[in-house]
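# Report on the structure
Each chain, letter by letter, is given below.
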Amino acid sequence: MVSQTKGFYARDYSLWLGWNNMRYIIEAAVLHGRILNRTTIIPTYVYARACEFDNSACAAYATMVNRGDATGSDEWRQLPIEQQMAWKIPVSLMFNLTHLCETHAVVTVSDYLRLHNISVDVETTNGRWETDLYHRGVDIFSDSGVEPSLYAIENEWYDAGNVVRVDQLPRSMRERGGWNITHGQVGSAISEETPLSLALHDAMASGTSVLDWETALRVVGDDNDPIEIESSSDGGIASILEENGWEVLYTYGGACGSDAAKDVAVPIRQAAPRSLLRGLYEDFGSIEQDVLLLKGEVHLRRKPGALMFTTLESRERYTRTVLYDFRLADNVIELADELSNRMVEKAGGRMWMAAHMRRGDFTRLNWAMESSFEAHLARVKSHLRDGRDILHSVHRGPLLTYEIPFGQADRAPLLLDPPAVHDKFYIATDERDPRNLTYLRDQGAILISDLLTIDDRRHFGWPLMLTDILSLVEQATLARAAYFYAHAYSSVAGGVINLRASHGADPRTALLDS
């Protein structure tokens, strides 16, 4: 696998983040590795944030560490000491790594270290790439005796200033922009200053480098025959933009219009000045060193993949990677199927609805939907009532799908009756206050602890004691709900939307709300 690529692509991974954000970062890293024709190195392990039982129970199966000490973060120092603990678990517990490696060149840090005859004990606990110790060995399959060379991409180089980072510049785009390519580097494009180009610049929001598609259409319509623009194809509009120094870019809008959830279920287009585009491949594809390292983090306030795409085909390929190549572990899928069947029974054989109530750190950071638990649940139940009406409409057909590759409608909504008024509903939550959990049940909620059996735990094994693993099961279960409601700014919700899209759920049957 490694020999068929140009070398390795490494990242500084932010292991202090929760799993869903880590998954987004790993997804982006795998994308970058493919663009650069390099084998992507991912963390060997991640940190599970809490134990469902006494900490010592989980510590009997996974190494327990102080999360702040391990990652170098003070975020949890003010919490009671038992809440500062985390458990070091293999990344292969979080998704099907074997399945991913069938279609992508991926190794873990420990794989890389073994390949170079370096002790796996030197793997850093905070996820950062060790530029010294990781380069002191030699490839065990090579006779050269040379230590692996390193080229580091400084964080500020990735999208400095108002640069728009894209995957790769197609030849036609380079020709339009008059880019000069020497030694693998791309020079600046010719900047077009036509009246329409200036109008498009004026329409851009302050501090942004791209223009949303609706605004681009409006501005183009202001300077051309409105009838012609309205009737023209997107290709015609793209031509107008190109003639005026702009390019169409492909990315994702997010199920709620926010980039926080980083789902890939809602494809969109945007427009950007050609002169601001910088291709990842053009800038770094010619690097010859054995390891290409992207330093720092490029996760926050960015679209899925941490870049934008210059062609529809390249965006769709990434969508397929996220939805079909990053697959949950088989035991997670099997348990979620069983829990979904039990929810059908709880709902009297009818469709069942679900919501994710993010409390925990969201309450501490004042990000929760409502400050009081009662108000939060009332909000959830209000939207589930709306969801019941939607399901009655969906039940009559026809069914829709998300705009994704290979999307096929899940016909399950046509096989079960819609929910009744007083049906039980499922709540996934990180709330742990016994009084609030009792209140949930009194209000008709079913929790995962109400569905899980001892046999489930025995069959699944010890990882189910860790809340991060339990959360994966809950995400997979939420993906099977007839209707789903959640907070727009929760990365958990974004993962559920991706799962629902891959299962063929109707986009009308989910709402992410802020």
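Residues numbered from 1 in each chain as written. Predicted model: local features only at pLDDT ≥ 70, side-chain atom pairs only at ≥ 80, totals over all residues. Heavy atoms only, no water.

Summed over the entire model, instances satisfying the criterion amount to one disulfide. One disulfide bridge connects Cys51 with Cys58, the sulfur atoms lying 2.1 Å from each other. On the S-S bond that ties Cys51 to Cys58, the torsion sits near 80°, and the link is right-handed. (Disulfide = S-S within 2.5 Å.)

Approximately 590 Å³ is the volume attributed to the second largest pocket. For the second largest pocket, the lining is made up of 22 residues, of which Asp159, Val163, Arg301, Arg302 and Lys303 are closest to its centre. (1 Å grid on protein atoms, 1.4 Å probe; cavity = no way out; pocket = protein on both sides within 12 Å on 5 of 7 lines; lining within 4 Å. Points joined across faces, edges and corners; volume = space filled by probe spheres on them.)

So, on to the confidence of the model for the protein chain. Per-residue confidence for the protein chain gives a mean pLDDT of 91; residues scoring 70 or more make up 92%. Taken as a whole, residues 225–233 scores under 50 in pLDDT and shows seven contacts with residues more than four places along the chain or in a different chain. (pLDDT = per-residue confidence, 0-100. Contact = heavy atoms within 4.5 Å.)

Once that is clear, we can look at the pattern of salt bridges. Applying the stated criterion across every chain, the model contains 26 salt bridges. As a salt-bridge pair, Arg77 and Asp74 come within 3.1 Å of each other at their nearest N and O atoms. Judged by relative accessible area, which is 58%, Asp74 ranks as exposed. Among the salt bridges present, the one from Asp423 reaches Arg350, with a minimum N-O distance of 2.6 Å. Of this pair, Asp423 sits in the loop between helix H17 (412–415) and strand S17 (425–429) while Arg350 sits in the loop between helix H14 (330–346) and strand S16 (353–357); the two residues are 73 residues apart in sequence, bridging distant segments of the chain. The buried category is assigned to Asp423, whose relative accessible area is 15%. Taken together, the salt bridges that share partners define one network made up of Arg176, Glu242, Glu247 and Arg274. (Salt bridge = Lys/Arg side-chain N within 4 Å of Asp/Glu carboxyl O. Buried < 20%, exposed > 50% of the residue type's maximum accessible area, 1.4 Å probe, protein only. Helix = DSSP H or I, 4+ residues; strand = E, 2+ residues; numbered from the N terminus.)

Spatially, S6-S2-S1-S15-S7 is the arrangement adopted by the five strands of the open sheet, whose pairing is parallel. Lying at the two open borders of the sheet, with one neighbouring strand each, are strand S6 (106–108) and strand S7 (150–153). Going from strand to strand, the sheet's axes swing by 25° on average, the running direction of each strand aside. (Pairing = 2+ DSSP bridges. Axes fitted to C-alpha atoms, helices over the stretch in contact; angles between N-to-C directions.)

What follows covers the pairing of strand S2 (residues 39–42). Every second residue of S2 is oriented toward a common face, with Thr39 and Ile41 on one face and Thr40 and Ile42 on the other, all of them buried. With two bridges connecting them, strand S1 (residues 8–11) and S2 associate as parallel partners. Bridged to Phe8 within S2 is Thr39. Taken together, S1, helix H1 (residues 19–35) and S2 constitute a β-α-β crossover, and its handedness is right-handed. Where S2 meets S6, three bridges bridge the pair, whose relative direction is parallel. Paired with Ile42 across the strands is Thr108, a residue of S6. (Right-handed = clockwise from strand over helix to strand, strands pointing away.)

This part covers helix H21 (residues 467–478). Between its terminal C-alpha atoms H21 stretches 16 Å, which fits the 16 Å expected from 12 residues at 1.5 Å a residue. In terms of burial, H21 is largely enclosed, as 11 of its 12 residues are buried. (Expected span 1.5 Å × (residues − 1).)

For the structure on display, the rule yields 13 aromatic pairs. Their ring planes at 15° and their centres at 6.1 Å tell us that Trp19 and Phe95 sit as a pair that is stacked. Of this pair, Trp19 sits in helix H1 while Phe95 is found in the loop between strand S5 (85–90) and helix H4 (97–101), placing the two residues 76 residues apart along the sequence. For the pair Trp19 and Phe95, a shared accessibility class is recorded, and that class is buried. Arranged with centres 6.1 Å apart and planes meeting at 75°, the rings of Trp352 and Tyr426 form a pair that is edge-to-face. Of the two residues, Trp352 is situated in the loop between H14 and S16 and Tyr426 in strand S17; the sequence distance between them amounts to 74 residues. The exposure class of Trp352 is buried, given its relative accessible area of 2%. (Phe/Tyr/Trp six-rings, centres within 6.5 Å; stacked < 30°, edge-to-face > 60°.)

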